[in-house]
Amino acid sequence: MGLELSQLAKGLGGSAIREMFNEAQNMTNTISFTVGEPDFITPQPIIEEVCRRFEEGLTHYTPNSGVAELRKAIAKYHRDRGELDPNPDKNIMVSCGATEAIQMALFTLADPGDEVILPTPAWPNYFGQIGMCGARLVEVPTREENGFAPDPQDLLAAITDRTKVIILNSPCNPTGAVIEKARYDAIIDVLKDREIFIIADEVYSRLVYADEYTSITGYKDILDRVVYINGFSKMFAMTGWRLGYAIAREDIITNMTKLHENGASCLPAPTQLAAAYGLVTCLPKIEEMRLSYLRRRNLICSLINKIPGFSVKTPNGAFYAFANVKPVLAATGMNSKELCMDILKNTGCVTVPGSGFGECGEGFIRITYATSDEKIIEGMKRIKEYISSLGLAL
Ligand SMILES: Cc1ncc(COP(=O)(O)O)c(C=O)c1O
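Residues numbered from 1 in each chain as written. Predicted model: local features only at pLDDT ≥ 70, side-chain atom pairs only at ≥ 80, totals over all residues.

In this section: unusual backbone geometry. The peptide bond linking T120 to P121 adopts the cis configuration, its omega dihedral lying at 5 degrees. At the junction of N173 and P174, the peptide bond is cis and its omega measures out at 25 degrees in the coordinates. Structurally, P174 can be placed in the loop between β5 (163–169) and α8 (181–192). The residue A237 is not glycine, and still its phi comes out positive at about 50 degrees. Mapped onto the fold, A237 is located in the loop between α9 (232–235) and β8 (244–247). When the 21 C-beta atoms within 10 Å are taken as the criterion, A237 is described as buried. Positioned with a positive phi, S265 is a non-glycine residue whose angle comes to about 75 degrees. Relative to the helices and strands, S265 resides in the loop between α10 (250–263) and α11 (269–281). (Helix = DSSP H or I, 4+ residues; strand = E, 2+ residues; numbered from the N terminus. Buried ≥ 20, exposed ≤ 12 C-beta atoms within 10 Å, placed from the backbone.)

Attention shifts here to the nonpolar core. Formed by 121 residues in total, the largest nonpolar core has its most connected members in L106, A246 and I304. Mapped onto the domain boundaries, this core takes at least three residues apiece from domain 1 (7–41 + 284–389) and domain 2 (44–282). With residues near it in sequence (within four places) discarded, A246 still touches M93, S95, A101, A105, V227, Y228, I229, I253 and M256. (Core = buried A, V, L, I, M, F, W, Y, C linked by C-beta atoms within 7 Å. Domains from an automatic or database assignment. Contact = placed C-beta atoms within 7 Å.)

The next subject is α11. Between the first and last C-alpha of α11 there are 18 Å, a value that for 13 residues agrees with the 18 Å anticipated at 1.5 Å per step. Counting buried residues along α11, 11 of its 13 residues qualify, which places the element largely inside the surrounding structure. Among all positions of α11, only A269, P270, T271, Q272, L273, A274, A275, A276, Y277, G278 and L279 are buried. (Expected span 1.5 Å × (residues − 1).)

Among the 6 residues of strand β7 (residues 226–231), 6 are classified as buried, and the element is accordingly described as predominantly covered. Side chains V226, Y228 and N230 project from β7 onto one buried face, and the interleaved V227, I229 and G231 project onto a second face that is buried too. Judged from the 4 bridges that link them, strand β6 (residues 197–201) and β7 form a sheet pairing that is parallel. Each bridged residue has a counterpart across the sheet, and for D201 the counterpart in β7 is I229. Here β7 runs beside β8; their pairing, made up of 4 bridges, is antiparallel. (Pairing = 2+ DSSP bridges.)

This brings us to the site of the ligand. Around the ligand, the structure places 13 residues, and the nearest of them are G97, A98, T99, N173 and S233. With 3 residues, the top contributor of residues to the shell around the ligand is helix α5 (residues 97–109). (Near = placed C-beta within 6 Å.)

Under the domain assignment used here, the protein contains domain 1 (7–41 + 284–389) and domain 2 (44–282). Domain 1 and domain 2 are separated by 25 Å when their C-alpha centres are compared. With 36 residues of domain 1 in contact, the opposing surface of domain 2 contributes 32 residues. Elements with a contribution of two residues or more to the side of domain 1 that touches domain 2: α1 (7–11), α2 (16–23), α12 (283–304) and β9 (320–324).

See below:
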């Protein structure tokens with residue numbers, strides 16, 4: 001046996017996002033378009049509430065599934081929006097970020113060898129999380145001409161006897177794709193008569209710029225096999241607080257909570273209570289932030305489209321522009337990772353290669369626009385000047 005580390009741990013790859021982030025750490029004058037997190041600070045009332053709760057002495061363990069106040073607030077929030085009507089005691093588990101909820105959902109739904117369908121390009125953690133369950137990843141590439149929304153026929157073609165779970169992420173990280181109603185209807189048509197669980201990751205559901213948003217919650221007939229995922233990271237700019245949640249039928253939540261008990265046990269009471277307070281007092285803040293991202297989305301897309309060899313289709317959600325850089329790659333012979341490294345070295349702008357989000361992401365780079373207008377303007381100017389200086393025939 002020896003002192004070998006596990007195959008699982010050794011087999012896990014690091015994410016391209018972190019790789020670029022780390023690469024930039026020793027450089028000066030960089031502008032980060034890397035990590036997917038709001039540049040806003042958590043709304044002040046939530047911060048004041050957490051301090052108050054700590055000072056009250058709430059420093060102990062909490063129930064594994066989360067404090068009752070937060071589960072009730074989550075249930076009310078979704079009920080008020082006409083989306084879901086979960087029983088706070090049976091259908092909700094509070095997790096260490098949406099990240100942990102997704103992992104616990106996968107552990108609960110998939111056995112080793114089962115297939116998990118993932119439309120790609122996709123959030124890199126899904127790849128590792130599927131691997132950690134010993135499940136088999138089945139990538140279903142999406143297409144730029146469809147705005148990177150999954151094609152129902154492609155999903156159908158990927159389904160086998162071993163398919164256990166499909167992950168749907170709308171709005172999508174890294175493409176910003178939002179699945180429109182007609183397409184969503186067609187996807188649900190494919191899934192509804194098949195025994196396949198759906199993990200619906202809607203962490204960006206409040207960051208939608210299209211007139212309409214179709215949520216999995218609109219498909220009441222199939223909700224008994226949906227694990228609905230959301231969280232506070234993007235909603236209230238609370239990425240560092242690590243608070244997410246899952247909503248699902250009772251047996252799924254009970255089993256997810258057992259896994260969560262063994263892995264993380266519970267979350268701090270003050271942070272959970274502060275998030276519950278946010279759901280009561282800070283909802284207007286979400287709209288303020290959304291409008292700010294909308295303005296930046298328009299700004300960054302117009303600037304990207306002026307860079308020679310770059311183009312981007314306007315994304316309808318989240319805060320990512322997935323820019324097509326194929327003409328630059330063809331002219332330079334680089335791949336997207338080499339281009340991102342080159343851009344970093346020559347401009348200080350930190351972007352993420354599309355290949356980090358699945359094979360079909362090659363040819364693209366992800367540029368996060370959850371940053372200031374000034375940084376967006378300066379960063380895109382630097383990249384434009386650099387690409388122009390290469391004298392490529394574009
Ligand atoms: C699609 C998607 N799902 C889940 C998460 C995880 O969010 P959390 O911070 O709540 O763990 C992220 C974070 O970037 C994400 O992009």
